[in-house]
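Chain by chain, the residues:
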Amino acid sequence: MAWAWLHRVHAAALAPLGLLLFPPACGGCAAPQARRPAFALCPLCTSTLKPAASPQVPGCDAAHASWRYVGALRALVRAAKFAHREELCTALGELLAADPQVRAMLPQNACIVPLPLGARRFAQRGYNPSAAIARVLARRLHLPLRHALRRSRDTPAQSSLPAKLRQQNVADAFAARLPLPACVALVDDVITSGATGAAAALACRRAGARTVFLLAPAGASC
């Protein structure tokens with residue numbers, strides 16, 4: 001107990017020094033900040049966020065992306081996915097959880113299910129951005145989190161393919177690890193063509209889900 005208390009005091013005392021020596025930077029424009037900004041974005045970058053249009057995703061009862069995948073948010077998502085900045089995934093989860101439309105959309109019996117990564121990309125990154133986002137969302141909304149899906153095969157990144165090939169790329173790429181409850185909320189980092197979400201939704205329905213939502217902090221057209 002005494003050591004734990006001493007550790008907390010020591011950490012609190014060093015926190016201002018850490019901010020001085022290693023000031024936090026905005027995840028959008030990389031400008032240094034005096035304190036850690038909300039959602040990892042400085043006030044200027046936050047002011048540029050634009051609501052995304054509601055995507056239509058086959059197989060999903062409803063799909064929702066909070067903000068358009070442009071500018072500062074695009075930089076934040078790309079850093080979270082490709083620059084080994086797992087802490088930025090937490091910021092994206094907070095951004096999604098703060099969206100009032102998400103809170104209004106999900107019923108109390110919803111189960112949060114992140115979209116899984118293939119084994120190769122998980123080994124490259126060391127974490128799954130969608131899972132990190134989903135953890136925050138589940139915690140903030142007091143909903144259960146289940147890692148219920150797996151990749152049945154590795155696929156090329158959707159972003160590397162033209163829109164007309166994306167549906168074929170992820171067809172039958174997901175399978176359920178276990179039976180699912182009636183209501184499932186799939187979580188991804190970005191919704192683009194919707195092909196990935198549609199394939200994952202099909203796997204959820206095969207595992208028992210009757211209602212499937214798809215959520216992401218960012219959304220973009222193909």
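Bear in mind that the values here come from a model prediction, so they are computed numbers and not experimental data. (Residues numbered from 1 in each chain as written. Predicted model: local features only at pLDDT ≥ 70, side-chain atom pairs only at ≥ 80, totals over all residues. Heavy atoms only, no water.)

**Student:** Explain the overall build of the chain to me, please; I cannot follow it from the model alone.
**Tutor:** Secondary structure assignment for the chain yields nine helices and seven strands. Considering the chain as a whole, with its 222 residues, one finds that 47% of them fall into the buried category. Relative to all contacts within the chain whose residues are 6 or more apart in sequence, the contacts with residues 24 or more apart total 71%. Summing over all exposed atoms, the chain offers an accessible surface of approximately 11,600 Å²; the carbon and sulfur share of this is 59%. (Helix = DSSP H or I, 4+ residues; strand = E, 2+ residues; numbered from the N terminus. Buried < 20%, exposed > 50% of the residue type's maximum accessible area, 1.4 Å probe, protein only. Contact = heavy atoms within 4.5 Å. Areas by Shrake-Rupley, 256 points an atom, 1.4 Å probe, with all protein chains shown as cover.)

**Student:** Where do I start with the nonpolar core in this structure?
**Tutor:** If you look at soluble globular proteins, the nonpolar side chains tend to sit buried side by side. Judged by nonpolar contacts, the single largest core of 40 residues is most densely connected at L73, L106, I112, L137 and L215. Taken together, the elements giving at least two residues each to this core come down to α3 (71-82), α4 (86-97), α5 (100-105), α7 (129-141), β5 (183-187) and β7 (211-219). Counting residues per element, this core draws most heavily on α4, at seven residues. Within the second largest apolar cluster, 27 residues are counted, among which are A63, F174, V184 and A198. (Core = buried A, V, L, I, M, F, W, Y, C linked by side-chain atoms within 4.5 Å.)

**Student:** Help me understand the pairing of β5, please; the structure alone is not making it clear to me.
**Tutor:** Regular strands place their side chains on alternate faces of the sheet. Among the five residues in β5, five count as buried, and that is most of the element. Residues C183, A185 and V187 line one face of β5 and the alternating positions V184 and L186 line the opposite face, and both faces are buried. Of the strand pairs in this sheet, strand β2 (residues 111-114) and β5 are connected by four bridges, and their pairing is parallel. If you follow I112 over to β5, its bridge partner there is A185. Inspection of the sheet shows β5 paired to β7 by five bridges, in the parallel sense. Counted as the bridge partner of C183 is T211 from β7. (Pairing = 2+ DSSP bridges.)

**Student:** How do you make sense of the environment of Q33 when you look at a structure like this?
**Tutor:** Summarising the element assignment, Q33 is placed in the loop between α1 (2-21) and α2 (43-47). Distance from Q33 to P23, taken between C-alpha atoms, is 6.2 Å for residues 10 residues apart in sequence. Non-local contacts of Q33, meaning those with residues more than four positions away in its chain, are made with P23, P24, A25, C26, C42 and P43. A distance of 3.0 Å separates a polar atom in the side chain of Q33 from the backbone oxygen of A31. (Polar contact = N/O pair within 3.5 Å; in protein donor to acceptor, adjacent residues only side chain to side chain.)

**Student:** When you look at the confidence of the model for the chain in this model, what are you seeing that I'm missing?
**Tutor:** Note: predicted coordinates in regions of low pLDDT should not be interpreted at a detailed level. Of the residues in the chain, 81% reach a pLDDT of 70 or more, and the chain-wide mean stands at 85. Low pLDDT (under 50) marks residues 1-21, which in the prediction has three contacts with non-local residues, meaning those over four places away or in another chain. (pLDDT = per-residue confidence, 0-100.)

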